[in-house]
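Chain by chain, the residues run as shown.
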Amino acid sequence: MPAELSEGFNRELARRRVPGLWVLAITGTILFPLFIALDYVLYPSQVWTLASVRSAVTIVALISLGLFRALHDHPKLEEYSLSVTVGLVMIYGIALDALVITVGGLGTPYYAGLTLLIIVIAS
């Protein structure tokens, strides 16, 4: 494959990845705080720990949205879109692991619900 085609493909892929960043950040901003209500119902004794993790992730997602807005037309957003995507997914994944560990690990029904959420976020 000629180098110019490869470079063009990578640029186009980066350009198309930017809208996904918005979806990823919006998903975190909406879903993480909404699940605090479910945490309160299912795990009232651990709700403050769970809410703290969810709040931290929500803040990261909000900051990401602000940065995406500020850099909307900046070429650096496209250039670093893969790194930012991986970073956000890692933050979400670590937070979900912390939530599952807090409520009792893999033997809890919480784990099954979070697995579905991970699939949605990864999509």
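Before reading further, recall that the structure is shown in the block above.
A. Examining the overall build of the chain more closely. Of the regular secondary structure elements, the chain holds five helices and zero strands. The order of helices and strands in the chain, counted from the N terminus, is α-α-α-α-α. Scored against the burial criterion, the 123 residues of the chain give a buried share of 29%. Accessible surface, the chain: about 7700 Å² in total, of which carbon and sulfur atoms supply 71%.

B. View of the side chain of S81. Note on placement: S81 falls in helix α4 (residues 81-103). Looking at S81, its side chain comes within polar contact range of the side chain of R17, at 2.8 Å. A polar side-chain atom of S81 sits 2.9 Å from the main-chain carbonyl oxygen of E78. Apart from residues no more than four positions distant in its own chain, S81 is found in contact with A14, R17, V18 and L21.

C. Helix α1 (residues 3-42), seen in detail. Taking 1.5 Å of rise per residue, the 40 residues of α1 would be expected to cover 58 Å, and the 55 Å separating its terminal C-alpha atoms lies within 8% of that figure. Along α1, the sharpest kink reaches roughly 25°, centred on V18 and followed within four residues by the proline P19. Taken as a whole, α1 has its buried residues at A14, V18, L21, L24, A25, T27, G28, T29, F32 and D39.

D. Focus on the nonpolar core. Core analysis: the largest hydrophobic core is formed by 18 residues, its most contacted members being F32, F68 and Y92. Every element with two or more residues in this core is listed here: α1, α2 (47-70) and α4. Of all the elements, α4 adds the most residues to this core, at six residues.

How each quantity is defined
Residues numbered from 1 in each chain as written. Predicted model: local features only at pLDDT ≥ 70, side-chain atom pairs only at ≥ 80, totals over all residues. Heavy atoms only, no water. Helix = DSSP H or I, 4+ residues; strand = E, 2+ residues; numbered from the N terminus. Buried < 20%, exposed > 50% of the residue type's maximum accessible area, 1.4 Å probe, protein only. Areas by Shrake-Rupley, 256 points an atom, 1.4 Å probe, with all protein chains shown as cover. Polar contact = N/O pair within 3.5 Å; in protein donor to acceptor, adjacent residues only side chain to side chain. Contact = heavy atoms within 4.5 Å. Expected span 1.5 Å × (residues − 1). Bend = angle between axes of the 7 residues up to and from the residue. Core = buried A, V, L, I, M, F, W, Y, C linked by side-chain atoms within 4.5 Å.

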